[in-house]
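Read off the chains here:
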Amino acid sequence: MEFFQDGKVREGSSLSLSLSGPLAMMPYFLWVAIWRYKSLHISKLQYLAIVIESEDCRTSNVIELLQWLADLGVKHVCLYDKEGILKKSKDFILEKFDGATLFQENDVLLDQPLMTLEFASFSDGKEAVAKAANVLFMKYLKSGSISSYQGEQIFTESQMGEALKTVGLCYLSDLLVGGNGPEPDLLLVYGPARCHLGFPAWRIRYTEIQHMGPLKSMKYGSLIKAIYKFTMVQQNYGK
Amino acid sequence: MLREDIIIDIFSGWRSFLRKCLFRVLRVGPIPSHIAVIMDGNRRYAKKKKIDDMTGYDAGALALLHLIIYCMELGVKYVTAYAFSIDNFRRQPEEVQKIMDLTMESVMLLTWISKLRSVRVHFAGKLQLLSAEIQDAAKRLMESTEVYNNFVLTICICYTSSDEILHAVEKSCKEKWDDGIGIMGYDKGNDYERFIKVVDIEKHMYTAIAPDPDILIRTGGEYRLSNFLVWQSSCCHLSSLGTVWPEFGVFHLAWVVLDFQKNYRYFAKKKLQL
């Protein structure tokens, strides 16, 4: 590119020169991005949770997001919003999104042809634990065992899990005895701030939490990047 | 490594003056009442500086002392630090023992600081897993600082959220029993909401001394809670920083507080809805 002619600098030529370098590199960066994200090890992502700010819950966006996840090969998804709007729209979402079935009790996380969808809300968190506490209390009330324990541990995590199972939250029982149940590996937060908004506490002890911004401005590239970042994480679990 | 003269230096000097100027600016906006920290990255710091792991932990302890002082100056009332998880017992025994020795040293230093600045110190976790010596020192410190309420420091040691929730459920059941629920009899029908409520469980949490955190900071570039305050962080700003814990300083704190102030209205609205 000639930018000096007759000893004079052409107007705009310095700008062209400054842009030519980065612009010329663009195909290279695109190629690197495609190559990198093509090797997405989606099998590492056994269970994905999505927390959505209740005020932003547009089912059209949710269905589009689910479609992206299905295209990526994600098999098990939990949709959470604090006020339970997604739970109320469960039937509509399942009807509009063909590629999913409802997560059932005793479902195990195996490869399935259709995506399994779970819907959760704030009442599945702290209130569920309170209900489980009542189940345990009534059980020990009937056996008359509580009074004989002085300062020792009277419940184990597996018993707590069984109690949670009784109130209809069966997956938590596996979680408490060793993490074989669907504790989300990754939790994506679609909202104005990075906050899990009361997602059942018992299930996110070691879950990676990524903030994605508002749902209305969700991007496919950001989703891939978040999942890619998760697949590169190594956890020590305290060791 | 942890010495009283180092603490006195932090409280005084031109750095303290500049810090107070910075905090005066930050105080134009809302200040969090409670900050929780996961102090991750001590071993990575040691590796980076080519020092042994224990010196890395010493540097981490010093960073925590700096944070306590910064928070006192800023106007934060509660600080909760994740010092040692029950899961950490799976580390090498020598490493665990060295951490316990550092804990003992820190208890001594906190005893001195608590008198200097009227700090209430609370140890949250399954303390019976600690050695008798540390348990006694911790209990003495908690008892001697019970009267202070200007600033509350909670050190989570031998702690996990799952153990905390289980412990709170047990305590709630025993409380209801002691209240005579068992004597009065019970309804034989299925009623999962009758006796124990969420508020009963929450008051028996190890960390019940403080309100729910406004900010939970994790250093080391990780994005998970690692079984720390998962129950209490429903409406909490989760902040993940790439810096390792020993390098956490006043500007990192200022950044986190500014981020919190940006989202303050959102979190205030969420807390009201709870």
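Just so it is clear, the model here is predicted, and its values are computed rather than measured.

1. What about the overall build of chain B?
Here's step 1: Along the backbone of chain B there are 11 helices and 6 strands.
Here's step 2: Here the C-alpha atoms of chain B give a radius of gyration of 20 Å, agreeing with the 19 Å that 2.2 N^0.38 yields for 274 residues.
Here's step 3: Within chain B, the fraction of its 274 residues that count as buried is 58%.
Here's step 4: Taking the intrachain contacts of chain B between residues at least 6 apart in sequence as the baseline, contacts between residues at least 24 apart amount to 80%.
Here's step 5: Just so you have it, chain B exposes about 12400 Å², and 54% of that area is on carbon and sulfur atoms.
Here's step 6: Looking at charge distribution, chain B has the averaged site of its 36 positive side-chain charges lying 6 Å from that of its 33 negative ones.

2. Observations concerning a nonpolar patch on the surface
Here's step 1: Taken together, Trp-14, Phe-17 and Leu-18 of chain B make up a surface patch of nonpolar side chains, about 390 Å² in accessible area.
Here's step 2: Following the sequence through the fold, Phe-17 of chain B ends up in helix H2 (residues 14-26).

3. A word on the sheet that holds strand E1 (residues 34-38) of chain B
Residues and elements named next belong to chain B.
Here's step 1: An order of E3-E4-E2-E1-E5-E6 is seen for the 6 strands of this open sheet, with the pairing classed as parallel. Each edge of the open sheet carries a strand with a single partner, namely strand E3 (119-124) and strand E6 (237-240). Here the strands of the sheet are splayed against their neighbours by 20° on average, with no regard to which way each runs.
Here's step 2: Two elements, strand E2 (residues 78-85) and strand E4 (residues 151-159), share 7 bridges in a ladder whose sense is parallel. Within E4, the position partnered with Tyr-82 by the bridge is Cys-156.
Here's step 3: On top of the sheet, helix H5 (residues 93-117) reaches E2, E3 and E4; it is set at about 155° to E3, its chief contact.
Here's step 4: Across the sheet, helix H10 (residues 250-262) touches E1, strand E5 (215-218) and E6, and the angle it forms with E5 is around 140°.

4. What about the side chain of Glu-183 of chain A?
Residues and elements named next belong to chain A.
Here's step 1: Take Glu-183: it is sitting in the loop between helix H7 (171-178) and strand E7 (186-190).
Here's step 2: Among the residues examined, Glu-183 registers a relative accessible area of 13% and is labelled buried.
Here's step 3: At 3.4 Å, the side chain of Glu-183 and the backbone nitrogen of Arg-205 are in polar contact.

5. Focus on the packing of aromatic side chains
Here's step 1: Across all of its chains, the model carries 11 aromatic pairs over all chains by this definition.
Here's step 2: Taken together, a centroid distance of 5.5 Å and an interplanar angle of 70° make the contact between Trp-68 of chain A and Tyr-220 of chain A edge-to-face. In this pair, Trp-68 of chain A sits in helix H2 (residues 59-72) while Tyr-220 of chain A sits in helix H8 (residues 220-231), placing the two residues 152 residues apart along the sequence.
Here's step 3: For Trp-68 of chain A, a relative accessible area of 14% puts it in the buried group.
Here's step 4: Overall, the relative accessible area of 34% leaves Tyr-220 of chain A in the partly exposed class.
Here's step 5: On the basis of an interplanar angle of 20° and a centroid distance of 5.1 Å, the ring pair of Trp-245 of chain B and Phe-248 of chain B is categorised as stacked. Of the two residues examined, Trp-245 of chain B and Phe-248 of chain B, each falls in the buried class.

6. Quick notes on the pattern of salt bridges
All names here are of chain B.
Here's step 1: Evaluation of the coordinates by the stated rule reveals 20 salt bridges over all chains.
Here's step 2: Here Lys-203 and Glu-175 are joined by a salt bridge, their closest N and O atoms 3.3 Å apart. Of this pair, Lys-203 sits in helix H9 (residues 198-203) while Glu-175 sits in helix H7 (residues 161-178), and the two are 28 residues apart along the sequence.
Here's step 3: For Lys-203, a relative accessible area of 46% gives the class partly exposed.

7. Some thoughts on the environment of Gln-232 of chain B
All names here are of chain B.
Here's step 1: Mapped onto the elements of the fold, Gln-232 is located in the loop between E5 and E6.
Here's step 2: A C-alpha to C-alpha distance of 21 Å links Gln-232 and Asn-88, two positions 144 residues apart in sequence.
Here's step 3: Setting aside anything within four residues of it in sequence, one finds Gln-232 in contact with Tyr-159, Glu-164, Met-205, Thr-207, Asp-212 and Pro-213.
Here's step 4: At 3.2 Å, the side chain of Gln-232 and the side chain of Glu-164 are in polar contact.

8. A look at the sheet that holds strand E8 (residues 208-213) of chain A
All names here are of chain A.
Here's step 1: Strands sit in the order E5-E6-E4-E3-E7-E8 across an open sheet of 6 strands; the sheet is parallel. Of all the strands in the sheet, the pair left with one neighbour each is strand E5 (100-102) and E8. In this sheet, neighbouring strand axes are inclined to one another by 25° on average, regardless of whether the strands run parallel or antiparallel.
Here's step 2: Summarising the sheet, E7 and E8 pair through 5 bridges and their orientation is parallel. Residue pairing for E8: Leu-188 is matched across the bridge by Gln-210.

9. Quick look at the pairing of E3 of chain B
Residues and elements named next belong to chain B.
Here's step 1: Of all 6 residues that make up E3, 5 are buried, and the element is covered over most of its length.
Here's step 2: Direction of pairing for E3 relative to E4: parallel, over a ladder of 6 bridges. If you follow Arg-120 over to E4, its bridge partner there is Val-152.

10. A word on the interface of chain A and chain B
Here's step 1: Taken together, the contact pairs 56 residues of chain A with 55 residues of chain B.
Here's step 2: Of the roughly 4900 Å² buried at the junction of chain A and chain B (both faces included), carbon and sulfur atoms supply 62%.
Here's step 3: It is Lys-126, Phe-137 and Arg-194 of chain A that lose the most area in chain A upon contact with chain B, and together they represent 14% of the buried surface on that side.
Here's step 4: At the junction of chain A with chain B, the criterion picks out 4 salt bridges.
Here's step 5: Across the pair Lys-270 of chain B and Glu-53 of chain A runs a salt bridge whose closest N-O atoms are separated by 2.8 Å.
Here's step 6: At the boundary of chain A and chain B, one finds 17 residue pairs in polar contact (both at pLDDT 80 or more).
Here's step 7: With 13 residues, the top contributor of residues to the side of chain A that touches chain B is helix H5 (residues 126-143) of chain A.
Here's step 8: A class-by-class count of the residues in the side of chain A that touches chain B yields 26 nonpolar, 15 polar and 15 charged.

What counts and how
- Residues numbered from 1 in each chain as written.
- Chains lettered and ligands numbered in written order.
- Predicted model: local features only at pLDDT ≥ 70, side-chain atom pairs only at ≥ 80, totals over all residues.
- Heavy atoms only, no water.
- Helix = DSSP H or I, 4+ residues; strand = E, 2+ residues; numbered from the N terminus.
- Rg over C-alpha atoms; globule rule 2.2 N^0.38 Å.
- Buried < 20%, exposed > 50% of the residue type's maximum accessible area, 1.4 Å probe, protein only.
- Contact = heavy atoms within 4.5 Å.
- Areas by Shrake-Rupley, 256 points an atom, 1.4 Å probe, with all protein chains shown as cover.
- Lys, Arg positive; Asp, Glu negative; His and termini not counted.
- Charge placed at Lys NZ, Arg CZ, Asp CG, Glu CD.
- Patch = residues over 30% accessible without salt bridge, like charges linked within 9 Å, V, L, I, M, F, W, Y side chains within 5 Å.
- Salt bridge = Lys/Arg side-chain N within 4 Å of Asp/Glu carboxyl O.
- Pairing = 2+ DSSP bridges.
- Axes fitted to C-alpha atoms, helices over the stretch in contact; angles between N-to-C directions.
- Polar contact = N/O pair within 3.5 Å; in protein donor to acceptor, adjacent residues only side chain to side chain.
- Phe/Tyr/Trp six-rings, centres within 6.5 Å; stacked < 30°, edge-to-face > 60°.
- Buried area = accessible area lost by both parts, 1.4 Å probe.
- Nonpolar A, V, L, I, M, F, W, Y, C, P; charged D, E, K, R; others polar.

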